[in-house]
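Report on the structure
This is what each chain is made of:
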2 protein chains.
Amino acid sequence: MTNTVPSPALVQRFVDLVGGHAEVGAEVEDRYLVETRGLYRGTTPAVLKPADVAEVAAILTLASETGVAIVPQAGNTGHVAGQIPRTGAADILLSLERMNRIRDVDPVGNVIVADAGCILADIQSAADRVDRLFPLSLGSEGSCRIGGNLSTNAGGTAVLAYGNMRQLCLGLEVVLPTGEIWDGLRRLKKDNTGYDLRDLFIGAEGTLGVITGAVLRLFPKPLGHEVALAGLRTVENALALFERASTLCGQTLTGFELMPRIGIDFSVRNIPGVTDPMTTVHPWYALIDISSADSAESAGRTMEALLSGAIENRLVDDAIVASSEAQRKALWHMRESLSLAQRPEGGSIKHDVSVPIASIPAFMAQADAAVMAAIPGARICAFGHMGDGNIHYNISQPVGADRRAFLERWREMNAIVHGIVLAHGGSISAEHGIGQLKRDELAEVRHGIEIDLMQRIKHAFDPAGIMNPDKVLQIRP
Amino acid sequence: MTNTVPSPALVQRFVDLVGGHAEVGAEVEDRYLVETRGLYRGTTPAVLKPADVAEVAAILTLASETGVAIVPQAGNTGHVAGQIPRTGAADILLSLERMNRIRDVDPVGNVIVADAGCILADIQSAADRVDRLFPLSLGSEGSCRIGGNLSTNAGGTAVLAYGNMRQLCLGLEVVLPTGEIWDGLRRLKKDNTGYDLRDLFIGAEGTLGVITGAVLRLFPKPLGHEVALAGLRTVENALALFERASTLCGQTLTGFELMPRIGIDFSVRNIPGVTDPMTTVHPWYALIDISSADSAESAGRTMEALLSGAIENRLVDDAIVASSEAQRKALWHMRESLSLAQRPEGGSIKHDVSVPIASIPAFMAQADAAVMAAIPGARICAFGHMGDGNIHYNISQPVGADRRAFLERWREMNAIVHGIVLAHGGSISAEHGIGQLKRDELAEVRHGIEIDLMQRIKHAFDPAGIMNPDKVLQIRP
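Residues numbered from 1 in each chain as written. Chains lettered and ligands numbered in written order. Predicted model: local features only at pLDDT ≥ 70, side-chain atom pairs only at ≥ 80, totals over all residues. Heavy atoms only, no water.

Residue and element names in this part refer to chain B. In terms of burial, strand β6 (residues 111-115) is a largely internal element, five of the five residues being buried. Relative to β6, strand β5 (residues 102-106) is paired through four bridges, and the arrangement is antiparallel. Bridge assignment links Asp104 to a residue of β6, and that residue is Val113. Two elements, β6 and strand β10 (residues 210-217), share five bridges in a ladder whose sense is antiparallel. Paired with Val111 across the two strands is Arg217, which belongs to β10. (Buried < 20%, exposed > 50% of the residue type's maximum accessible area, 1.4 Å probe, protein only. Helix = DSSP H or I, 4+ residues; strand = E, 2+ residues; numbered from the N terminus. Pairing = 2+ DSSP bridges.)

Pasting the structure below:
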């Protein structure tokens, strides 16, 4: 299916629909066209900036009538180029950035209703002001927007206790590729009336419609909060520690992040203000976050019980517990800076994978051996959300290697790492999605029947093929 | 679309596919054809009892080739007749009862893999034997089967802390209406690779395919467990108590059930062994369940803090805390017997609704007034999962009224109660689903665009219209 290349007159009709809030042709800023890692640069005849759901509906109505492709974009922080228009095509970019109104905050009903263009940190703050927690938390929270979080079913660091976006969203407002508006802004925790349309739009990366608003869940703020860093000899010990923590803490275990020594080194070396919080050096570290609804004492007792038992059993070799909010923030900052800390070290080939939790040590050992055999001197910085089985298996280039030559081995490394992931029944995209980056690989690794069912859904929702085409799935001819 | 009425020879071909494990014609037992409340009696040429997924696939392949409709049935405990063949049609019933094998129990990975025909209580026991909790719990757990729980996205009494079936399921095995098998038995907590097929099959009530197996989540067993009963003057006070409990306990609040005095009366009068646990009488009661991952002491302290504060503030008028496992079970038994306790009181018109939690008092007051105006003397027994906004708003007939005449007002009462539910942005089926009972009403209360999207999905998955037709949605001509 081929999309229409809009004439200047047709582009102008689109621009008129948003009252001139648009950038056209050469005016279009790079910040809309280049994704965070610089791997993709898209092209577009225009960026449209609608003010509300009615303008979005008008855009999609005109697009479906004329066959022009529309690419929705929220904060442009995605890692798989789902939000970037196709290079060389004539996809019009629909930016949600002007739709950034928080529509309602209800601390009794524990919900917040927000435009899809709201920045995540603004939603967190709005919740905070009514003494509630919106738990989604990720490195880019200062610039990512909730519509993108929803469209990628974002995860982040609090999934262990609170779940992904699917678990944090009660209702949606979506403009369909036909221009029709689905008002599914329900505030219900339980609703078994027909098929689960909400979870179909969440994680669809804008290929089934444009999410324009959402009802999000709020939670009581924990009264106690403890963060600790544990030094460990092996990934096996980290897994055993996670199992103890999980049994001891239940749902009060709000974070369990694995970090390798090289990640700490990169962070201390490359991120201003980060210092090694321990005086001893360890091959692996676990960042442990415990929240207690009950009291600060309760969280403290639990952390104390966990760590003292683990040190006694020689599972943990050293541990520190943050003693102030500033120290807690510093430990989390070190963890969240790991992505950024790799940049000055040269090229980095990244994988966002998940395996069953019990398989993490075997996966890591096998992947490390295969990668080091292929690229001697490669610096493997594998870290992430151990409690979710989700590892960001990143490979920094050998010291002094040629950046471009190293990055040219991206597909080869993907094949190695993803092959091992799949042998463990894992996923090649735990939280970042598919977009353009992993689209062809998705078609290879998922069963034919799965791709076929997805294609049938895509065609049923977007018969004209105008909605973010060729992302996730290649549009069928 | 009209389904084929199978000839005796064609019925025999189906019977041969399951090696003769079938009941044909007049042999078919009532237990397959009549649903729990006796509102529906279906007709069928045959009940097939396949042994495994391959036999299910063979049945659906033949059905799609011949146009014969197939109705999957697990434990036949559903309340909306989704599992009952259409009356007067010639739908073949596919019983999952012989597929009751637990395929794997993995306490390290915290998963259990089970055939769809496993009885819920057997899955709970298998988890218990490896010191884990499978938290789904409902009145019919001794006879309902997990395939039915999945197909209706079952809720029950632990949704507050652990969620519905959607949150308790990691992966599915499904036979599609074409006979193809989708092996989606993944064990991953995070997997963002394409559209959410799993959550589409969960809650689809067997209209998109037959769920034959599932990967279910297990949890560490709580170390502390406290159950209390609080006597309250008003629903408003119950709501205020829930808010306090929710703030104080966070995710350790594992149950908060509302019960009216009349429910206690029915239960004491009609259920052998149930006695009123309190010496004082109250218009309303809250059953509060707190679990602690930490220790028995911690759960006890939290319950004590919650109740003493609430009594001091005159929110709660009296309270008892169960002091033994037997007492805890007795309190839960009283709550779970409320449905059964209504039977000897004559006809009961039932509603399974949800509203935003903060709207519960207003909904109850408005519904009570409207129902009592329509049927003076009606005995309203509204109880349920207050923490989820889910009320089973049941109306027992006036004392001495004619049962049949009362039950003939089912639709009229539905219109009254559901009208008020919808005015509060609520759902007409919080956990029981749509099936046959609420199908026509669904088409009225959901937006046209929602029904249209569901129809498009149905057609994309089941073009021949053979998969549990006319449930949830009316098959389009």
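This chain's UniProt record puts "domain: FAD-binding PCMH-type" (unreviewed entry) on residues 40-221 of chain A. Here residues 40-221 of chain A is 24% helix and 24% strand, with 40 Å between the C-alpha atoms at its ends. (UniProt positions renumbered as here; feature names shortened; annotations may be inferred.)

As a further point, take the relation of the copies chain B and chain A. Two chain copies here: they are related by a rotation about an axis and a translation along the same axis. Note on the copies: chain B fits chain A at an RMSD of 0.0 Å, the axial shift is 0.0 Å, and the rotation between them is 180°. The transformation just described matches what one would write down for a two-fold rotation axis. (Least-squares fit on C-alpha atoms with pLDDT ≥ 70 in both.)

This brings us to the pairing of strand β3 (residues 70-73) of chain A. Side chains on a regular strand alternate between the two faces of the sheet. Residue and element names in this part refer to chain A. Neither face of β3 is exposed, since Ile70 and Pro72 on one face and Val71 and Gln73 on the opposite face are all buried. Of the strand pairs in this sheet, β3 and strand β4 (residues 92-95) are connected by four bridges, and their pairing is parallel. Looking at the pairing, Val71 lines up with Leu93 of β4.

Facing 83 residues of chain B, the contacting portion of chain A comprises 83 residues. Summing both sides of the interface, chain B and chain A together bury roughly 6,800 Å²; the carbon and sulfur share of this comes to 55%. Close ionic contact of Lys190(B) with Glu431(A) constitutes a salt bridge, the shortest N to O distance being 2.7 Å. For the pair chain B and chain A, the interface holds 34 residue pairs in polar contact (both at pLDDT 80 or more). Elements represented by at least two residues in the side of chain B that touches chain A include exactly α6 (159-162), α7 (165-168), β9 (181-184), α8 (197-201), β11 (219-220), α9 (235-249), α11 (296-312) and α18 (448-461) of chain B. A total of nine residues in the side of chain B that touches chain A trace back to one element, the largest contributor, which is α18(B). (Contact = heavy atoms within 4.5 Å. Buried area = accessible area lost by both parts, 1.4 Å probe. Salt bridge = Lys/Arg side-chain N within 4 Å of Asp/Glu carboxyl O. Polar contact = N/O pair within 3.5 Å; in protein donor to acceptor, adjacent residues only side chain to side chain.)

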